[in-house]
Amino acid sequence: MSTIYLNTVIKADIYYVFDLARNIDLHQKSTSKSHEKAIGGRTSGLIEENETVTWRAKHLGVYQNLTTKIISMEKPFQFIDVMQKGAFKSMRHRHIFKSVNGNTLMTDIFEFESPLGILEKLFNSIFLKGYLRNFLLRRNEMIKTIAESSVRDGIAIF
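Everything in this summary refers to the structure shown in the same document. Bear in mind the structure is a predicted one, so any value in this text is a computation, not a measurement.

The subject of this paragraph is helix H1 (residues 14-21). Along H1, six of the eight residues are buried, which leaves the element largely enclosed by surrounding structure. When H1 is considered as a whole, its buried residues turn out to be Ile14, Tyr16, Val17, Phe18, Leu20 and Ala21. Capping the start of H1 is the job of one residue whose side-chain oxygen sits 3.0 Å from the backbone nitrogen of tyrosine 15: aspartate 13.

Okay, structure coming up:
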C-alpha cells in the first residue's frame, strides 16, 4: 500500500474549509484538467456521511469511473472516503481539519493500492504516487485560494 501525506495551511475558518473540501461542485472545478464529472450518487453540493458519488474522469489517457463513499464524518474535523468501485485495488482518503492560530490546517492522508500485482510497487514509486500527489495538490490549492479570497473580500464564492 502507498500513502500520500499532505498538509495545507489555509487562512480561513475551519467550518468553511471543511465545507469547501466536501463540495462536489468545487471538486469538479479543481479537477477540470482530467475532465472529472460527478455522474452518480450525490452529484452536486456538499456530500454527507454514508453518501456515495461516482466520478467519471480521464486519467492516463483513459476515461474511468470511480465510486467513493463517505464512511465517517465528524464536522468540522474529519471525513473519510473509500473506494467502492474503480480502478484501484483499494483507496482510502482521510481528510483532517484542525484550527491553528486562526488558520485551518488541512491534512490529507491518501492510501491506495494499484491492481498491478508484482509491478505495483515499481509503478507506484515511479509514476502513480507523483501523479496522485499533484492531483491532490491542485485540488488543495483551489480550496486554499477560494477560502482565502473569500475571507479577504468578505464574501463567499461558493
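Attention now goes to the packing of aromatic side chains. In this structure the tally under the stated criterion is five aromatic pairs. Note on phenylalanine 18 and phenylalanine 97: the rings are 5.2 Å apart at their centroids and 75 degrees apart in plane angle, and the pair reads as edge-to-face. One end of the pair, phenylalanine 18, is in helix H1; the other, phenylalanine 97, is in strand E6 (residues 90-100), with 79 residues separating them in the sequence. Judged by centre distance (5.9 Å) and plane angle (45 degrees), the rings of phenylalanine 110 and phenylalanine 112 are tilted. No difference in accessibility class separates phenylalanine 110 from phenylalanine 112, as the two residues are buried. Every member of this aromatic cluster is reached through a ring pair, and the members are Phe18, Phe79 and Phe97.

A few words now on the pairing of E6. In this structure, strand E5 (residues 78-85) lies alongside E6, joined through five bridges in antiparallel fashion. Across the sheet, aspartate 81 pairs through a bridge with histidine 93, a residue of E6. In this antiparallel pair of consecutive strands, E5 and E6, the connection spans four residues. Bridge count for E6 against strand E7 (residues 103-113) is eleven bridges, and the pairing is antiparallel. Of the residues in E7, the one forming a bridge with serine 90 is glutamate 113. Turn length for the E6-E7 hairpin, with the two strands adjacent in sequence and antiparallel, is two residues, and the turn residue asparagine 101 shows positive phi of about 50 degrees.

Conventions used here
Residues numbered from 1 in each chain as written. Predicted model: local features only at pLDDT ≥ 70, side-chain atom pairs only at ≥ 80, totals over all residues. Heavy atoms only, no water. Buried < 20%, exposed > 50% of the residue type's maximum accessible area, 1.4 Å probe, protein only. Helix = DSSP H or I, 4+ residues; strand = E, 2+ residues; numbered from the N terminus. Polar contact = N/O pair within 3.5 Å; in protein donor to acceptor, adjacent residues only side chain to side chain. Phe/Tyr/Trp six-rings, centres within 6.5 Å; stacked < 30°, edge-to-face > 60°. Pairing = 2+ DSSP bridges.

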